Amino acid sequence: MQPPSDCMVDYDPNALSVEEALRRIDTDIQPLAETEKVALSECLGRVLGEDIISPLNVPAYANSAMDGYALRGSDIPASGMRELHMIGTAWAGTPFAEPVEPGECVRIMTGALLPQGADTVIMQERVERQGDKVQIDSRNKPGQHVRRAGEDLAAGQIVMHTGKLLRPAELGVLASLGIAEIVLKRTLRVAFFTTGDELCSLGEPLSPGKIYDSNRYTIAGMLRRLGVTVIDLGIVRDRREDIARAFTQAASVADAIITSGGVSVGEADFVKETLEALGQVSLWKIAMKPGRPLAFGKIENSIFFGLPGNPVSAMTTFYQFVQPALQRLMGQSATSNHLIKVPCVSRLKKAPGRMEFQRGKLERDAGGQLTVRSTGEQGSGILSSMSQADCFIVLPVTSGDVEPGNWVEVQLFEGLV
Ligand code: AMP
Ligand code: MG
């Protein structure tokens, strides 16, 4: 069999698969052990540092799920109507203190403690009332419309495990348990700098051959989204002493160091030589597009990721490798980043040999089916493609071109919570 021609395939026998790179990173990272106590109101986006055991039942007592009438279920007639005598009202926060006897009922509001003896609530729309005479009928079931004590969470049960990312729902659950201070994993410190003699800071005029340092802003933004403490070490010029000094400084303050640029074929040896004295670094050619080169290693006690300089490559490699690695380092339990299968309405160019992360935008077709469209030009320097997109179209290594109507997998940029 003839090997396919060069322009058709993109296999590199020395390249590492995305999965293998992820596996190697994962085995090299140990989650932080240190914890700190933080007020619940400051816990959003942080990682739980201990298991939470419920100190009480939620709800703490049986209460009404409806506005209506509380009574004994045994008073519901088998057929026809029955008249009950209303003896008082139970409000949310102000219980009715007396027991409900056979033939009696209590007006009850949603959330109010169920009076002693009552085990059933009939919604107000289902009764006929005149003064303190309440007519109920046989359509009701004993036990209905009651929230049982502990039906949400039972006292003594493990409510959340160490490593849980605290979202608004978790803050609410912890508040419902009355827990005002939470043991969290300590915040991760991440230092980063960009490298390149061509880089120009904002506010400086752009002289010929220079570009504005956009990676500085995308990297800082992606780090901030993860809730880490971001240490911006600025632009570091392509000089050995400068780079070595920046790494030494970063390693002294940070749990992780991220750089952009300087890992492509032309510059990789320079970075590797510079880092040899400070730590261990592997330079990987990854079978992915965009983002083929990636440096990963350890500098003193910090982990290090060297991202490619191309803006889309820097973002893509951050999301695929750095983000899960930092989440693991901060003790967060593995997140499920589900891929969703949808039809693609665009034609996508793709050579087998690398996993591709093309940029796409989800939309509904006329029939209501969710579909994805390419954002267009897919060059690794076209940063606007990331801004237009709301997902990566993830094409497996073996995939060739995608024709309109073919199903593809997408990875969403944003979740609801
Ligand atoms: P490098 O990986 O250093 O070879 O850079 C690859 C490409 O990305 C070059 O075109 C660089 O000019 C560009 N680049 C490198 N660093 C940055 C940066 N911080 N912001 C924007 N573009 C960059
Ligand atoms: Mg460079």
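First, a word on scope: everything that follows refers to the structure included in this document.

So, how was this worked out
Residues numbered from 1 in each chain as written. Chains lettered and ligands numbered in written order. Predicted model: local features only at pLDDT ≥ 70, side-chain atom pairs only at ≥ 80, totals over all residues. Heavy atoms only, no water. 1 Å grid on protein atoms, 1.4 Å probe; cavity = no way out; pocket = protein on both sides within 12 Å on 5 of 7 lines; lining within 4 Å. Points joined across faces, edges and corners; volume = space filled by probe spheres on them. Helix = DSSP H or I, 4+ residues; strand = E, 2+ residues; numbered from the N terminus. Buried < 20%, exposed > 50% of the residue type's maximum accessible area, 1.4 Å probe, protein only. Near = heavy atom within 4 Å. Polar contact = N/O pair within 3.5 Å; in protein donor to acceptor, adjacent residues only side chain to side chain. Areas by Shrake-Rupley, 256 points an atom, 1.4 Å probe, with all protein chains shown as cover. Pairing = 2+ DSSP bridges. Axes fitted to C-alpha atoms, helices over the stretch in contact; angles between N-to-C directions. Contact = heavy atoms within 4.5 Å. Salt bridge = Lys/Arg side-chain N within 4 Å of Asp/Glu carboxyl O. Core = buried A, V, L, I, M, F, W, Y, C linked by side-chain atoms within 4.5 Å.

This brings us to the layout of surface pockets. Roughly 370 Å³ of internal volume is contained in the second largest pocket. Every residue lining the second largest pocket is counted, 21 residues in all, and those nearest its centre are Lys 289, Lys 349, Lys 350, Ala 351 and Glu 356. Broken down by element, the lining of the second largest pocket gets its largest block of residues, 4 residues, from strand 23 (residues 355–364).

What follows covers unusual backbone geometry. In this structure, the amide linkage connecting Val 58 to the following residue, Pro 59, adopts the cis form with an omega of -10 degrees. In this structure, the amide linkage connecting Lys 289 to the following residue, Pro 290, adopts the cis form with an omega of -5 degrees. Positive phi, close to 60 degrees, is recorded for His 145, a residue that is not glycine. Here His 145 lies in the loop between strand 9 (133–137) and strand 10 (146–147). When its relative accessible area of 26% is taken as the criterion, His 145 is described as partly exposed.

Next up on the list: the site of ligand 1. The full set close to ligand 1 counts 17 residues, and Glu 198, Asp 213, Ser 264, Glu 267 and Gly 309 are the nearest of them. The backbone of Gly 262 places a nitrogen or oxygen atom 3.1 Å from an oxygen atom of ligand 1. Within the complex, the protein chains bury 79% of what would otherwise be the 490 Å² of accessible surface of ligand 1. At the level of elements, strand 13 (189–195) and strand 15 (211–212) are the ones that each hand at least two residues to the shell around ligand 1.

Take the sheet that holds strand 9 next. One open sheet accounts for 6 strands, arranged 7-4-6-5-9-8; its pairing is mixed. Where the open sheet ends on each side, the last strands, each with one partner, are strand 7 (120–123) and strand 8 (128–130). For this sheet the average axis-to-axis angle between neighbouring strands, irrespective of direction, equals 35 degrees. Where strand 5 (residues 81–90) and strand 9 come together, 5 bridges link them in antiparallel fashion. Within strand 9, the position partnered with Arg 82 by the bridge is Ile 136.

This brings us to the environment of Gln 332. Examined against the element boundaries, Gln 332 turns out to sit in the loop between helix 6 (311–329) and strand 22 (339–343). Counting along the chain gives 142 residues from Gln 332 to Val 190, while the straight-line C-alpha distance between them is 16 Å. If we ignore the near neighbours within four places in the chain, the residues touching Gln 332 are Val 47, Gly 163, Leu 165 and Gln 327.

This paragraph deals with the pattern of salt bridges. Under the definition given, this model contains 24 salt bridges. Salt-bridge contacts for Arg 82 lead to Asp 75; the nearest nitrogen and oxygen are separated by 4.0 Å. Assessed through its relative accessible area of 8%, Asp 75 is described here as buried. Several salt bridges converge on common partners, so that one network encompasses Asp 12, Lys 285 and Arg 292.

By size, the foremost hydrophobic cluster in this structure holds 41 residues, and its most contacted members are Phe 305, Leu 307, Phe 321 and Leu 326. Residue contributions to this core peak at 9 residues, all from helix 6. Beyond its immediate sequence surroundings of up to four residues, Phe 305 is in contact with Ile 25, Ile 257, Ile 258, Thr 259, Leu 294, Ala 295, Phe 296, Phe 321, Val 322 and Ala 325. In this structure, Leu 233, Ala 246, Phe 247 and Ala 295 belong to the second largest nonpolar core, which totals 18 residues.

So, on to the sheet that holds strand 13. Across the sheet, which stays open at both edges, the 6 strands sit in the order 16-13-17-21-20-18 with mixed pairing between neighbours. Every interior strand has two partners, whereas the edge strands, strand 16 (229–236) and strand 18 (279–285), have only one. On average, adjacent strands in this sheet sit at an angle of 15 degrees to one another, irrespective of strand direction. One ladder, built from 5 bridges, connects strand 17 (residues 256–260) with strand 21 (residues 302–307); its direction is parallel. Each residue of the ladder has a partner; that of Ile 257, found in strand 21, is Phe 304.

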